[in-house]
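# Structural overview
Single-letter residue listing:
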Amino acid sequence: MKKVACLIISVCVAGMGSLYAQGEMDAYKLSQTDINGSARALSMGGAFGALGGDISSMHTNPAGLGIYRSSEIVGTLNLNMYHSSSDWSGSQSSANKTTFNLGNFGYVGYFPTGNDEGIVSWNVGFGYNRLKNFNRTYRVSGQQEYSMADYVGKIASTYDGGIPESELIYREGSYDPYFNSQLPWMPILGYEGGYLKTLDSKGEYASIFGNFNSNGTWVIDAPNTVDWLVKEWGGIDQYNFSFATNISNIVFLGATFGVTDINYRMSSNYDETFFGREYLYLDNHFSTDGTGYNFNIGAIVRPTDYLRIGVAYNSPTWYKMTDYFHASAGTLIEVVDQETGAVSNSEVNNSTPNNQAYDYRFRTPDKWIFSLAGILGQNALISFDYELSNYKSSKFTDRDGYEPNYLMDTNDYIREDFQMVNTFRLGAEYKVTPQFAVRAGGYYQTSSAKTHLQDNQVEVPVAGTIPHFTVDKGTYSVSVGFGYRFTPNVYMDMAYVFRQHKENAYAFSNIYDNVDPVVSVPADLKTNLNRLALTLGYKF
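The structure presented is a predicted model; accordingly, all values stated were derived computationally and were not measured.

Contact geometry of helix H3 (residues 148-158) with helix H4 (residues 185-192) gives a least axis separation of 9 Å together with a crossing angle of 120 degrees. Relative to H4, the element H3 is oriented oblique. Where H3 crosses over H4, the two elements pack in a sense that is left-handed. For the pair H3 and H4, contact is made by Val 152, Ile 155 and Ala 156 and by Met 186, Pro 187 and Gly 190, respectively. Its residues placed into classes, the contact of H3 with H4 shows five nonpolar, one polar and no charged.

Let us look at the pairing of strand E5 (residues 119-133). Burial within E5 is extensive, with eleven of its 15 residues counted as buried. Strand direction decides the pairing type here: strand E4 (residues 91-112) and E5, joined by nine bridges, are antiparallel. The residue bridging Tyr 107 from the neighbouring strand is Phe 126, located in E5. In sequence, E4 turns back onto E5 through a hairpin of six residues, with Gly 114 there showing a positive phi of about 90 degrees. Across 13 bridges, the pairing between E5 and strand E11 (residues 225-247) is antiparallel. Its bridge partner being in E11, Tyr 128 is matched across the sheet by Tyr 239.

The next point concerns the pattern of salt bridges. Two side chains carrying opposite charge are able to pair once their charged atoms lie near each other. Summed over the entire model, instances satisfying the criterion amount to 19 salt bridges. We note a salt bridge from Asp 289 to Arg 265, for which the minimum N-O separation is 3.0 Å. Of this pair, Asp 289 sits in strand E13 (residues 279-304) while Arg 265 sits in strand E12 (residues 251-273), and the two are 24 residues apart along the sequence. Assessed through its relative accessible area of 28%, Asp 289 is described here as partly exposed. On the basis of relative accessible area, Arg 265 is assigned to the partly exposed category, the value being 22%. Between Arg 415 and Asp 412 there is a salt bridge; the shortest N-O distance is 2.4 Å. Placement of the pair is Arg 415 and Asp 412 together in helix H5 (residues 405-417), with a separation of three residues, close to one helical turn. Sharing partners across several salt bridges, the network here consists of Arg 40, Glu 429, Arg 439 and Asp 493.

Each value, and the rule that gives it
- Residues numbered from 1 in each chain as written.
- Predicted model: local features only at pLDDT ≥ 70, side-chain atom pairs only at ≥ 80, totals over all residues.
- Heavy atoms only, no water.
- Axes fitted to C-alpha atoms, helices over the stretch in contact; angles between N-to-C directions.
- Helix = DSSP H or I, 4+ residues; strand = E, 2+ residues; numbered from the N terminus.
- Parallel < 35°, antiparallel > 145°, perpendicular 65-115°, else oblique.
- Left-handed = near helix turned anticlockwise from the far one by under 90°.
- Contact = heavy atoms within 4.5 Å.
- Nonpolar A, V, L, I, M, F, W, Y, C, P; charged D, E, K, R; others polar.
- Buried < 20%, exposed > 50% of the residue type's maximum accessible area, 1.4 Å probe, protein only.
- Pairing = 2+ DSSP bridges.
- Salt bridge = Lys/Arg side-chain N within 4 Å of Asp/Glu carboxyl O.

In structure tokens, the structure reads:
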């Protein structure tokens, strides 16, 4: 079992700044990509690893550029409609979000050599592609036995044998607990936000929501209602520079160098209500910006006119990242005067220091893609891709590329809790007429989380003051589309994609204590994407 002391990664001081480390669930979040590419590729489930001849090849198997027999300019627009629904022990909530974005834009240049054998042509490509949309809003509402205050109290009571109250108290001009390099931030914010009842000065705490029983024991109250709302937005954009060649119309080789920009924004509001007017809240605001690079190499072999075999390697993306973060917390407690019986309200509000930033580096998983495509006569084709991605290889380092102890623990948890991910893509196309084609496809991706993480059997260390997280349970999509060629040079493709991503959503992690555990019940979370894509292209 992971130690409770590691549930929140410590905040360390370097000079005048603070260091705010990432958690293992951030590695999963920052490594995700969507089904993406042109409308033709989308409608066929993205299964283009062996087909080629599409601008989407640049970020999967760049050997596909070698299939081109003309130059091309192409662009894709996406309309994305997100619907998130949660079921928390029978209590259901939902939220919607709609976005519009440029899916891709690019140029492929075809340069024939005039040879029938050997090097038949050289091809180059320059393109932009949206790899990931983070846009979604989801809400979880219901009840559970334990409060956020119980979770924070358990951390404060068990971290390094218990945090003395004197180390949680801010003293102007002399001591700020946020910049004590040994303390996690969640207990500090919880203490300053009024979450905790101090049971002794040596570091034993409980939720402030409760009462002493007849034996003088503090008995905690369960919240009446729990509600949290999460808004996410931003994306991952990639700029590709590709090169491919055609050898005797049998072997096609390609390589891509990619520059990737990532921006992720998250705002969350967590609320609990108790008896009377009593309540607890926790608000978080978080953003990540980064720039990285990667490379893809691939090959396609056409042993006959009817069969193509593809293989590609997509390297990790090596990012330099900066996080910005701020959180606030508060409580309202009804206090009863023991002599008069009068009831008064005690309200406490506090927040973390402003303008905090953390610089670090991150390496995403790499991928292998194996593909087959069959050309069925003059009018039909079918294509299959199998992708293997090693999520265990994700890794955090500090801004100088080193792996200090606090990040070494996080990287160990990534290797313990994540696994190889299998993605299966299948697509088909049929030309009804020489100008008009219909298409269909789909894909299925297995969960990146190992079984013990999916089944809530392990404590999950998370970073800073953001205790909520989701655990991947798999993704699938189905798609249809059509293409129409107006002239030999101008064409249009359209696609409709339905994708469903299943997750477990947690307000906070379980804490496994043989005497007094804290249990968080997961909510079933489904995020459905309905996407309409339009691609316009010009060949010359």
